[in-house]
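What follows is each chain in one-letter form.
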Amino acid sequence: MIHRTYKGPISLVMIQFPTPFSLQKDEHDQRGNSHNSGNSQLPSNSLSGFMVTEALLQSVQCLLQRSDNGLLLLQSNCEDVAVAMRDIATRSGRLQILDVIDTVTADDTKVDISNLPQRTREWIDLGGDRAVGRGWSKKKLLPRRGRTETEVACISKGTPIHRCIMQARPPPS
């Protein structure tokens, strides 16, 4: 584990645009399988095979806790993936959501959904939690030179990017 071998300070850990898991539309697809149809190469769900795990985030938390004000940036162009990452990060109580200046509001989500990616439209139709409210940023959080190819492609296509920034909770006194 990196938190055991690297002893230096960490200013920022970024988890950006991880390969999404299969969107869980129902418990059994039409063939009676326990996974949904679609890209069979994707992890089956957010708990099985998805790269962002509680163990990974526990390591991140240990690294950030050693550094003064170290941050975790989560970004995805799949709204359900962004929501799942943040849920995993906050579930243990070790990471806290930071307030951002330009928060995504419910009004911001009132757009023509036909312009949204199919996966996001399906997520909305399923009644999935939205990346709205405290901690979800409308604004780009990285300078232009720090953006990934995926982020640049999303910006040029007008695809929403769901972003939040977190920090390790202080250790108990």
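Within each chain, residues carry numbers counting from 1 in the order of the written sequence. Local features are withheld for residues below a pLDDT of 70 in this predicted model, meaning they are given only at 70 or higher, and side-chain atom pairs are given and counted only at 80 or more; totals for whole chains, interfaces and linings count all residues. Only hydrogens and water are set aside when side-chain values are computed; all heavy atoms of the structure are taken into account.

Engineer: Could you give an account of the nonpolar core, naming the residues involved and the relevant values?
Structural biologist: What is meant by a nonpolar core is a set of buried Ala, Val, Leu, Ile, Met, Phe, Trp, Tyr and Cys residues, joined one to another through side-chain atoms within 4.5 Å. Note on exposure labels: buried denotes an accessible area under 20% of the residue type's maximum, exposed denotes more than 50%, and partly exposed covers the range between, all computed with a 1.4 Å probe on protein chains only. Core analysis: the biggest nonpolar cluster contains 28 residues, and Leu57, Leu64, Leu72, Leu95 and Met166 have the highest contact counts within it. By definition, any uninterrupted DSSP run of H or I lasting at least four residues is a helix, any uninterrupted run of E lasting at least two residues is a strand, and each is numbered from the N terminus. Of all elements in the fold, only β1 (12–16), α2 (54–66), β2 (71–76), α3 (79–91), β3 (95–97) and β5 (162–168) reach the threshold of two or more residues within this core. By residue number, the principal contributor to this core is α3, which donates seven residues. It only takes one pair of heavy atoms within 4.5 Å for two residues to be counted as in contact. The contact partners of Leu64, leaving out residues within four places of it in the chain, are Ile10, Val13, Gly70, Leu71, Leu72, Leu95 and Ala168.

Engineer: Describe the packing of aromatic side chains, listing the residues and the values that go with them.
Structural biologist: In this scheme Phe, Tyr and Trp rings, the latter by its six-membered ring, pair at centre separations within 6.5 Å, and the angle between planes marks the pair as stacked below 30 degrees, edge-to-face above 60, and tilted otherwise. In the structure shown here, the tally under the stated rule is one aromatic pair. Taking NZ or CZ as reference, Arg119 lies 5.5 Å from the ring centre of Phe21, over its face. Definition used: whenever NZ (Lys) or CZ (Arg) falls within 6 Å of the ring centre and also within 35 degrees of the ring normal, the charge is taken to sit over that ring.

Engineer: Could you give me a rundown of the environment of Leu12, with the residues and numbers involved?
Structural biologist: Counting through the fold element by element, Leu12 comes out in strand β1. Exposure remark for Leu12: the relative accessible area of 36% places this residue in the partly exposed category. Put simply, Leu12 and Asn69 are 57 residues apart on the chain and 9.0 Å apart in space, counted from C-alpha to C-alpha. Every residue in contact with Leu12, bar those within four places of it in the chain, is listed here: Leu71, Leu72, Leu73, Leu142 and Ile165.

Engineer: So what's going on with the pattern of salt bridges? Which residues, and what values?
Structural biologist: For salt bridges, the criterion is a side-chain nitrogen of Lys or Arg within 4 Å of an Asp or Glu carboxyl oxygen. The full count for this structure, using the stated rule, is nine salt bridges. Close ionic contact of Lys110 with Asp107 constitutes a salt bridge, the shortest N to O distance being 3.3 Å. Measuring nitrogen to oxygen at the nearest pair gives 3.4 Å for the salt bridge that ties Glu151 to Arg163. Of the two residues, Glu151 sits in helix α5 (residues 149–157) while Arg163 sits in strand β5, which places them twelve residues apart along the sequence. Salt bridges sharing common partners tie together Asp102, Asp108, Lys138 and Lys139.

Engineer: Which residues make up the packing of α3 against helix α4 (residues 118–125), and what values go with them?
Structural biologist: All axes here are fitted lines through C-alpha atoms, helices being fitted over the stretch that makes contact, and every angle between N-to-C directions spans 0 to 180 degrees. Direction vectors running N to C along α3 and α4 enclose 65 degrees, while the axes themselves pass 8 Å from each other. Between α3 and α4, the residues in contact are Glu79, Asp80 and Val81 and Arg119, Thr120 and Trp123, respectively. As a working rule, the residues Ala, Val, Leu, Ile, Met, Phe, Trp, Tyr, Cys and Pro are called nonpolar, Asp, Glu, Lys and Arg charged, and the rest polar, with Gly in that last group. Across the contact of α3 with α4, the residue classes break down as two nonpolar, one polar and three charged.

Engineer: An account of the environment of Ser40 is needed here, citing residue identities and associated values.
Structural biologist: Positionally, Ser40 belongs in the loop between β1 and α2. Given the relative accessible area of 65%, Ser40 is considered exposed. In this structure the C-alpha to C-alpha distance between Ser40 and Ser22, which are 18 residues apart in sequence, comes to 8.2 Å.

Engineer: A description of α4 should follow, citing residues and the corresponding values.
Structural biologist: Among the residues of α4, Arg119, Thr120 and Trp123 are the ones counted as buried. Along the long axis of α4, the arc covered by the buried residues comes to 95 degrees, so they all point the same way. Along its buried surface, α4 packs onto α3. Looking at the residues trailing α4, positive phi occurs at Gly127, about 80 degrees. Here the arc refers to the set of directions running from the helix axis out to each C-beta atom.

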